[in-house]
Amino acid sequence: MKHILLVGLAAAGLALFAYVGCRAMLAHGRRSESAGFLALIAWSAFMGLAKLNEWPSLTLISIQQSVLNPAGDWLLHLIHYR
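Values in this document were obtained by computation on a predicted structure and should not be read as measured data.

Thoughts on helix H1 (residues 2-27)
Between its first and last C-alpha, H1 extends 38 Å over 26 residues, near the 38 Å set by a 1.5 Å rise per residue. Residues of H1 that are buried: Ala18, Gly21, Cys22 and Met25. Against the buried residues of H1 lie helix H2 (31-53). Where H1 terminates, the next one or two residues include glycine 29, which has phi positive at roughly 80 degrees.

Written out as structure tokens, the structure reads:
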């Protein structure tokens with residue numbers, strides 16, 4: 001019950017923050033920046049839920065470790081044994 005209440009409060013806070021921020025940006029005619037702002041808020045909300053529920057989370061570090069490091073190792077292997 002406490003967990004659900006905390007998630008609800010956090011969701012309400014993020015929704016209010018998103019509304020106020022987007023409204024201010026749209027008042028100045030910054031549509032693309034408001035879209036990026038909403039994407040950042042959505043990603044932050046997902047990361048918070050992932051941490052609370054112990055879900056696997058997608059971060060820049062995890063992308064680097066799973067994709068870029070093996071690709072770099074493979075390229076070094078090709079360069080070294082050429």
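Now that the structure has been shown, the text picks up again.
Here's the deal with the side chain of serine 34
Structurally, the position occupied by serine 34 is in helix H2. In terms of polar contacts, serine 34 uses its side chain to reach the backbone carbonyl oxygen of arginine 31, at 2.7 Å.

Some remarks on the nonpolar core
Counting 5 residues, the largest nonpolar core consists of Ala18, Cys22, Met25, Phe37 and Ile41. Going through the elements one at a time, H1 and H2 are the ones with two or more residues in this core. With 3 residues, the top contributor of residues to this core is H1. Once residues lying within four places of it in the same chain are set aside, the contact partners of methionine 25 are Arg30, Glu33, Ser34 and Phe37.

A short note on unusual backbone geometry
A positive phi angle is found at glutamate 54, which is not glycine, with a value near 55 degrees. You can see glutamate 54 is positioned in the loop between H2 and helix H3 (60-80).

Details of the packing of H1 against H2
Running from N to C, H1 and H2 cross one another at 170 degrees; their axes reach a closest spacing of 9 Å. Considered as vectors, H1 and H2 are oriented roughly antiparallel to each other. Residues His3, Val7, Leu14, Phe17, Ala18, Gly21, Cys22, Met25 and Leu26 of H1 form the contact with H2, whose own contacting residues are Arg31, Glu33, Ser34, Phe37, Leu38, Ile41, Ala45, Leu49, Leu52 and Asn53. Partitioning the contact of H1 with H2 into residue classes produces 13 nonpolar, 4 polar and 2 charged.

Some points on a nonpolar patch on the surface
A cluster of nonpolar side chains, contributed by Leu58, Leu60, Ile63, Val67 and Leu68, occupies part of the molecular surface with about 510 Å² of accessible area. In this structure, leucine 58 sits in the loop between H2 and H3.

Conventions and cut-offs
- Residues numbered from 1 in each chain as written.
- Predicted model: local features only at pLDDT ≥ 70, side-chain atom pairs only at ≥ 80, totals over all residues.
- Heavy atoms only, no water.
- Helix = DSSP H or I, 4+ residues; strand = E, 2+ residues; numbered from the N terminus.
- Expected span 1.5 Å × (residues − 1).
- Buried < 20%, exposed > 50% of the residue type's maximum accessible area, 1.4 Å probe, protein only.
- Contact = heavy atoms within 4.5 Å.
- Polar contact = N/O pair within 3.5 Å; in protein donor to acceptor, adjacent residues only side chain to side chain.
- Core = buried A, V, L, I, M, F, W, Y, C linked by side-chain atoms within 4.5 Å.
- Axes fitted to C-alpha atoms, helices over the stretch in contact; angles between N-to-C directions.
- Parallel < 35°, antiparallel > 145°, perpendicular 65-115°, else oblique.
- Nonpolar A, V, L, I, M, F, W, Y, C, P; charged D, E, K, R; others polar.
- Patch = residues over 30% accessible without salt bridge, like charges linked within 9 Å, V, L, I, M, F, W, Y side chains within 5 Å.
- Areas by Shrake-Rupley, 256 points an atom, 1.4 Å probe, with all protein chains shown as cover.
- Salt bridge = Lys/Arg side-chain N within 4 Å of Asp/Glu carboxyl O.

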